[in-house]
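Structure assessment
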Amino acid sequence: MQKKLTISIDADVYDGLRERIGPRRISRFLNDLARPHVTPKGLENGYADMGRDEAREAEAAEWSEGLIGDVADEPR
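Residues numbered from 1 in each chain as written. Predicted model: local features only at pLDDT ≥ 70, side-chain atom pairs only at ≥ 80, totals over all residues. Heavy atoms only, no water.

**Digging into the overall build of the protein chain**
In terms of helices and strands, the protein chain carries four helices and zero strands. Seen in sequence order, the protein chain has helices and strands lined up from the N terminus as α-α-α-α. Within the protein chain, the fraction of its 76 residues that count as buried is 5%. (Helix = DSSP H or I, 4+ residues; strand = E, 2+ residues; numbered from the N terminus. Buried < 20%, exposed > 50% of the residue type's maximum accessible area, 1.4 Å probe, protein only.)

**A closer look at the confidence of the model for the protein chain**
Per-residue confidence for the protein chain gives a mean pLDDT of 86; residues scoring 70 or more make up 88%. Averaged pLDDT values over the elements of the protein chain bottom out at 81 in helix H3 (residues 40–52) and peak at 96 in helix H1 (residues 11–20). (pLDDT = per-residue confidence, 0-100.)

**A closer look at the pattern of salt bridges**
Taken as a whole and assessed by the stated rule, the structure comprises three salt bridges. For the salt bridge of Asp-49 with Arg-52, the shortest nitrogen-to-oxygen distance reads 2.3 Å. With Asp-49 and Arg-52 both in helix H3 and three residues apart, this pair spans about one turn of that helix. In this structure Asp-49 comes out as partly exposed when scored by relative accessible area, which is 45%. In this structure, Glu-57 engages Arg-56 in a salt bridge whose closest nitrogen and oxygen atoms are separated by 2.9 Å. (Salt bridge = Lys/Arg side-chain N within 4 Å of Asp/Glu carboxyl O.)

**Concerning a nonpolar patch on the surface**
Residues Leu-5, Ile-7, Ile-9, Val-13, Tyr-14, Phe-29, Leu-30 and Leu-33 make up a contiguous nonpolar surface patch of about 720 Å² in total accessible area. Mapped by element, the contributors of at least two residues to the nonpolar patch are H1 and helix H2 (26–38). For the nonpolar patch, the element with the most residues is H2, which contributes three residues. When you line up the elements, Leu-5 lands in the segment before H1. Leu-5 gets classed as exposed once you look at its relative accessible area, which sits at 69%. (Patch = residues over 30% accessible without salt bridge, like charges linked within 9 Å, V, L, I, M, F, W, Y side chains within 5 Å. Areas by Shrake-Rupley, 256 points an atom, 1.4 Å probe, with all protein chains shown as cover.)

**As for a negative patch on the surface**
The grouping of Asp-10, Asp-12, Asp-15 and Glu-19 at the surface amounts to a negative patch. With respect to the helices, strands and loops of the structure, Asp-12 is situated in helix H1. Overall, the relative accessible area of 58% leaves Asp-12 in the exposed class. (Lys, Arg positive; Asp, Glu negative; His and termini not counted. Charge placed at Lys NZ, Arg CZ, Asp CG, Glu CD.)

**With respect to the environment of Phe-29**
Within the element layout of this structure, Phe-29 appears in helix H2. Among the residues examined, Phe-29 registers a relative accessible area of 34% and is labelled partly exposed. A sequence separation of 12 residues divides Phe-29 from Leu-17, and the C-alpha atoms of the two residues are 9.1 Å apart. Residues contacting Phe-29, with those up to four places away along its chain left out, are Leu-17 and Ile-21. (Contact = heavy atoms within 4.5 Å.)

Quick look at the structure:
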């Protein structure tokens, strides 16, 4: 089921959307853009996708392990 929504955006943003996305595709674009941020399934799917990205996970693990050394150097 779809709901109609009226929003206000700057004229340059609207012009950019019409130029890049197309005049009859803006609603779908904005819907798809917002979905992962506002629906539980969108968040779950997004996290699952990130978890399957092995290169990203390796980089995240390396980054978080690097933080441990920073904490050890701080005075108590």
